[in-house]
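So you can see what is in the structure, the chains are spelled out below.
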Amino acid sequence: MQRKAIKIGFDVAQTCHERAGCGWLADLLVKQMVKLAPYHQFFLYHQFGNWINQETTKGTHVVGENVSEPFRPLSPGEAWKVWQSVEAGLVTLPGAPDIVHANCFQAPKVGPAKLVYTVYDVSFWVYPQFTTEDNRLVCQRGVLDAIGHAAGFIFISQSSRDEFEHIFPGLLQENSIKCSTVLLASRFEPAAQPRTVIPNGNWLGVGSLEPRKNYDTILNAFERYLEESTIKRGLTIAGGRGWKSEDLRARISDLQSRGLVKYEGYVEDSRLNELYADAFGLVFPSHYEGFGLPIVEAMSQACPVITRKNSSLPEAGGSAAIYCENDEIEIAEAMLRLERDESYYLTTSRASWEHARSLSWSAAADKVLELYDALMVN
Amino acid sequence: MSRPKNANCSCHVGVDLTLMIPRGGNGGIKPAILTFLRSIGERFQEGIKFTLLTNSSTYQEVEFLVRDQDKSICIALTHDCPWPVPNRTQPRLLVCPDFNSSMLGKWGIEVLYCPFGPTHHSHPDIPTVSMITDLLHRDYPFSIPENERVWREGYFRDILTDADYVQCISQYTRDRLLEYYPIKENQVFFTHLPIDQRLQAGRGTTSQRPYFIYPANFWIHKNHEILLIAYRIYRQTAKEPWDLVLTGNPDSRSDEIKDLAKRLAIDASTQFLGHLDETSFAQVFAGAGALVYPSLHEGFGIPLVEAMRFRKPIICSRSTSIPEVAAEAAIYVDGRKPLELAAAMINLMENSALRDDLVMKGEERLKSFSIASEIDKLYKVFTTAKVANSRRMRYARFLRRYRGWGHSILARVTNRRLSLH
């Protein structure tokens, strides 16, 4: 079926910063969509709603006949004025889009266009202790605005969607908001093949140092593992300083001084790719994830993953991940089993690699394009 | 109420009411201040003399406080209201357009009381007592705009410079003040605000279905968003759900919350009554089934004692001063969690034994509050400040202020120089 050409304004404001998961989603999604749908017009918005960047040079850049980047030449002040005028209904957005897709927790008024809003998760309503108060207010504001303004919602996992429906029972139907659940995929080219020999690498922990990532359990399990293991692999940690992490950082630097832990801080994605490729296994007992991208990315490098069964983690890990309770003994045992049982390790590596390959950004992009089409029908 | 012992020790207190806003703009603190002033006048009679320093938009609202020995002097123009015209029927109402703080001494004022916190009218010769209601700008800075945060920071600095004593409205606020600012412990005291008795606790219209009531201005920390989300969950779960009644000063935030109620399709069962006078407010409170109080930040929490007085069960959040006031007499929730709040509302509505138990505990709790003993604390501070106002104190106050001026003059000169370059 010939698809109707759509003009799409796509929010890439968050890609202009040190990218967290949300920035990456916007970046990879739009790159795939541009490829998959050459008949649509894409306008990349490097400034979005109240999210005004001082600098946009690091932001997503796509070359193509069907792509333009109208906010690039504007100063932050000019961009802010444009959005103010759009919100006031005085002008339409650059490119007069049919659809505007928000990815950075903002749900501004977008004139006659239909707004699509990406919901990463609603954990701030369920586990507010895992977020900062300013962040909680921003996220809350965004989702509540979206309930008024958005015609379509993208959820990045079924669990996020279920949680949303739990908090707003029946609301999506009542407001005839169209929805799609789009699972994320790895940013990295998958390894050529699953592992055939046991690697020498370290254990790996990924994620910024904040309470939600549960580094305490990682370190407890790691210390317990060290007591039992004959090989005694180290632990590499990649992740920014986060927040509420003073005690944790002290503990990490203590372990680091004893040569047991290597803390790399926030790493660029090329380095992250290397870390996954070299790691013996990822330990990821997070308390809550909107999707759990590190799981899929480690698996794409055929790296086995030990994780938990909460929130979206089972969706990301599929049948390939090793699931534990939030229990350092159980996690340490899983670590030791991977280390001691060669065939178990290799089977897990293969299953992980295959699972990661089943998820792709083009599949994700396809689902988003389908939602756009559905919104244009009526 | 028995007459206190020290009632003969007369004290002339100037009360700076120039920051009072018409209607509900000040929130719950305004009725609290007025009730305190009235009660202190009634309790100490000739033991206290007031000179109320008022503004042109609210001087009429405090007329009822002016007894024979008191005066009300309008010293500030606000909200585009003209100066009042003195007349024979109001002999104790004066107007002083060119007020300056040296007049306090000439009028015989011995202590300046600033219940709204900051003041522009203090004088080094006169001891100053200021009230602080909360430390929102430090505890919860994201909930106010940056310019207001900076403004609050500035007036806290001024209070620390000007005030000899600081009155807080809960142990919690007192502790926060001492934690955040370099002020001596013996300069800070707290009085609770059990001002529930000002409302006549008549019977509500019993024919009506009960409803949840949340009296609060639409400030971000009052957390109306979570309440509406929770209320929607509650409505979809409960068999015969109660309505939700919101009172509070209408402003742009209340419009946003109304709009949210519409988007959540609960607008038909959510009533926005705006700011109510005391009589209507008492009626509305009396008809309620329960108080729901999800506020994330309070200095005291007046509606909690009001609910106890009206024999209403309470659901509230476990934050800041709220547990200090409600103690055992409430169901506590994490106010940031809509599912938890909704569950508490359902539980309370469906369980009459629980409601009865909470009401009973509320009655018990209310007995531990007494406005007379709170007023005695305040009066004692007035008299102490008066007696302790030695030459040394005046000089110290003068230095504190002079240093402040020195800094500001220096800053002005430096700025001017900088701008010349």
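No experiment lies behind these values; they were computed from the predicted model shown. (Residues numbered from 1 in each chain as written. Chains lettered and ligands numbered in written order. Predicted model: local features only at pLDDT ≥ 70, side-chain atom pairs only at ≥ 80, totals over all residues. Heavy atoms only, no water.)

Draft legend 1. Structural detail: the interface of chain B and chain A. Opposite the 20 residues of chain B that make contact, chain A presents 23 residues. The largest per-residue losses of area from chain B upon contact with chain A belong to B:R232, B:R263 and B:R336, which jointly make up 32% of the total buried on that side. One can count two salt bridges joining chain B with chain A. For A:R141, the salt bridge identified is with B:E256, shortest N-O distance 3.5 Å. Applying the counting rule to chain B against chain A returns six residue pairs in polar contact (both at pLDDT 80 or more). Among the elements of the structure, α6 (224-237), α7 (252-263) and α11 (338-350) of chain B are those that each provide at least two residues to the side of chain B that touches chain A. (Contact = heavy atoms within 4.5 Å. Buried area = accessible area lost by both parts, 1.4 Å probe. Salt bridge = Lys/Arg side-chain N within 4 Å of Asp/Glu carboxyl O. Polar contact = N/O pair within 3.5 Å; in protein donor to acceptor, adjacent residues only side chain to side chain. Helix = DSSP H or I, 4+ residues; strand = E, 2+ residues; numbered from the N terminus.)

Draft legend 2. Geometry of the packing of helix α10 (residues 293-300) of chain A against helix α13 (residues 342-358) of chain A. Residue and element names in this part refer to chain A. In the contact formed by α10 and α13, the axes pass within 7 Å of each other and the chain directions differ by 115°. Relative to α13, α10 is oriented so that their crossing is left-handed. Residues V296, M299 and S300 of α10 touch α13, and the partners they reach there are S352, W353, H355 and A356. Among the residues forming the contact of α10 with α13, the class breakdown is four nonpolar, three polar and no charged. (Axes fitted to C-alpha atoms, helices over the stretch in contact; angles between N-to-C directions. Left-handed = near helix turned anticlockwise from the far one by under 90°. Nonpolar A, V, L, I, M, F, W, Y, C, P; charged D, E, K, R; others polar.)

Draft legend 3. Region of the structure containing the pairing of strand β8 (residues 203-206) of chain A. Residue and element names in this part refer to chain A. Along β8, one buried face is formed by W203 and G205 and the opposite face, lined by L204 and V206, is buried too. In terms of strand pairing, β8 meets strand β9 (residues 235-238) through four bridges, oriented parallel. Across the sheet, residue W203 finds its bridge partner in β9, namely L235. Examined bridge by bridge, β8 and strand β11 (residues 281-284) share two bridges and lie parallel to one another. Within β11, the residue paired with W203 across the bridge is G281. (Buried < 20%, exposed > 50% of the residue type's maximum accessible area, 1.4 Å probe, protein only. Pairing = 2+ DSSP bridges.)

Draft legend 4. Layout of empty space enclosed by the protein. All names here are of chain A. Enumeration according to the criterion identifies one cavity of 30 Å³ or more in this entry. Size it by volume and the largest cavity reaches roughly 30 Å³. Together, F105, Y117, T118, V119, Y120, D121, F124, C139 and V143 line the largest cavity. Those elements giving two or more residues to the lining of the largest cavity turn out to be β5 (114-119) and α4 (133-149). For the lining of the largest cavity, the element with the highest residue contribution is β5, accounting for three residues. (1 Å grid on protein atoms, 1.4 Å probe; cavity = no way out; pocket = protein on both sides within 12 Å on 5 of 7 lines; lining within 4 Å. Points joined across faces, edges and corners; volume = space filled by probe spheres on them.)

Draft legend 5. Fine view of the pattern of salt bridges. All names here are of chain B. According to the stated counting rule, one finds 50 salt bridges over all chains in the structure shown. The shortest N-O distance in the salt bridge between E42 and R38 comes to 3.8 Å. A residue pair is termed a helical-turn pair when its members lie 3 or 4 positions apart in one helix, as E42 and R38 do in helix α1 (residues 29-44) at four residues. Among the salt bridges present, the one from R198 reaches E306, with a minimum N-O distance of 2.7 Å. Placement of R198 in the loop between β8 (188-190) and β9 (211-215) and of E306 in helix α9 (residues 302-309) is noted, with a sequence separation of 108 residues between them. A relative accessible area of 13% means that R198 is categorised as buried.

Draft legend 6. View of the domain arrangement of chain B. Residue and element names in this part refer to chain B. The assigned domain composition of chain B is domain 1 (11-194 + 372-389) and domain 2 (198-366). Computed from C-alpha atoms alone, the centre-to-centre distance between domain 1 and domain 2 is 30 Å. With 26 residues of domain 1 in contact, the opposing surface of domain 2 contributes 18 residues. The junction of domain 1 with domain 2 conceals about 1,600 Å² of combined surface from both sides, 66% of it contributed by carbon and sulfur atoms. Counting across the domain 1 and domain 2 interface gives seven residue pairs in polar contact (both at pLDDT 80 or more). Mapped by element, the contributors of at least two residues to the side of domain 1 that touches domain 2 are α1, α3 (136-139) and α5 (171-180). Of the residues forming the side of domain 1 that touches domain 2, the biggest block, four residues, is contributed by α1. Counted by class, the side of domain 1 that touches domain 2 contains 10 nonpolar, 12 polar and four charged residues. (Domains from an automatic or database assignment.)

Draft legend 7. Examining unusual backbone geometry more closely. Residue and element names in this part refer to chain A. The backbone of A96 shows a phi angle near 40°, a positive value even though the residue is not glycine. Classification of A96 as partly exposed rests on a relative accessible area of 38%. A positive phi angle, near 60°, is found at A302, a position not held by glycine. Looking at the element boundaries, A302 is found in the loop between α10 and β12 (305-307). Relative accessible area serves as the criterion here: at 1%, A302 is assigned to the buried category.

Draft legend 8. Spatial organisation of the pairing of strand β3 (residues 71-76) of chain B. All names here are of chain B. For β3, the tally of buried residues reaches five of six residues, placing the bulk of the element in the interior. Here strand β2 (residues 48-55) runs beside β3; their pairing, made up of five bridges, is parallel. Of the residues in β3, the one forming a bridge with N55 is A76. Pairing between β3 and strand β4 (residues 93-95): three bridges, direction parallel. For S72, the partnering residue across the bridge sits in β4 and is L93.

Draft legend 9. Representation of the state of the cysteines. Per the stated rule, a full pass over the model turns up zero disulfides over all chains. Cysteine A:C303 shares no disulfide, and the gap to the nearest cysteine sulfur, in A:C324, comes to 15 Å. (Disulfide = S-S within 2.5 Å.)

Draft legend 10. Seen up close, the packing of α1(B) against helix α13 (residues 371-387) of chain B. Residue and element names in this part refer to chain B. Interaxial distance between α1 and α13 falls to 10 Å at its minimum, and their mutual angle equals 80°. With respect to each other, α1 and α13 are oriented roughly perpendicular. Between α1, through T35, F36, S39, I40, R43 and F44, and α13, the contact on the second element is made entirely by I371, A372, E374, I375, D376, L378, Y379 and F382. Looking at side-chain class alone, the contact of α1 with α13 contains nine nonpolar, two polar and three charged residues. (Parallel < 35°, antiparallel > 145°, perpendicular 65-115°, else oblique.)

Draft legend 11. Local environment of the packing of aromatic side chains. Taken as a whole and assessed by the stated rule, the structure comprises 33 aromatic pairs over all chains. Each ring, one from A:Y117 and one from A:F153, has its centre 6.0 Å from the other, and the planes form 45°; the classification is tilted. Here A:Y117, found in strand β5, pairs with A:F153, found in strand β6 (residues 150-155); they are 36 residues apart in sequence, far enough to count as distant. Take A:Y117: its relative accessible area is 1%, and that puts it in the buried class. Summarising the aromatic geometry, the rings of B:Y155 and B:F156 are spaced 5.3 Å apart at their centres and angled 25° between planes, so their arrangement reads as stacked. Here B:F156 falls in the buried class, since its relative accessible area comes to 1%. An aromatic cluster of three or more residues is present, and its members are A:Y117, A:F124, A:W125, A:F153, A:F155, A:F164 and A:F168. (Phe/Tyr/Trp six-rings, centres within 6.5 Å; stacked < 30°, edge-to-face > 60°.)

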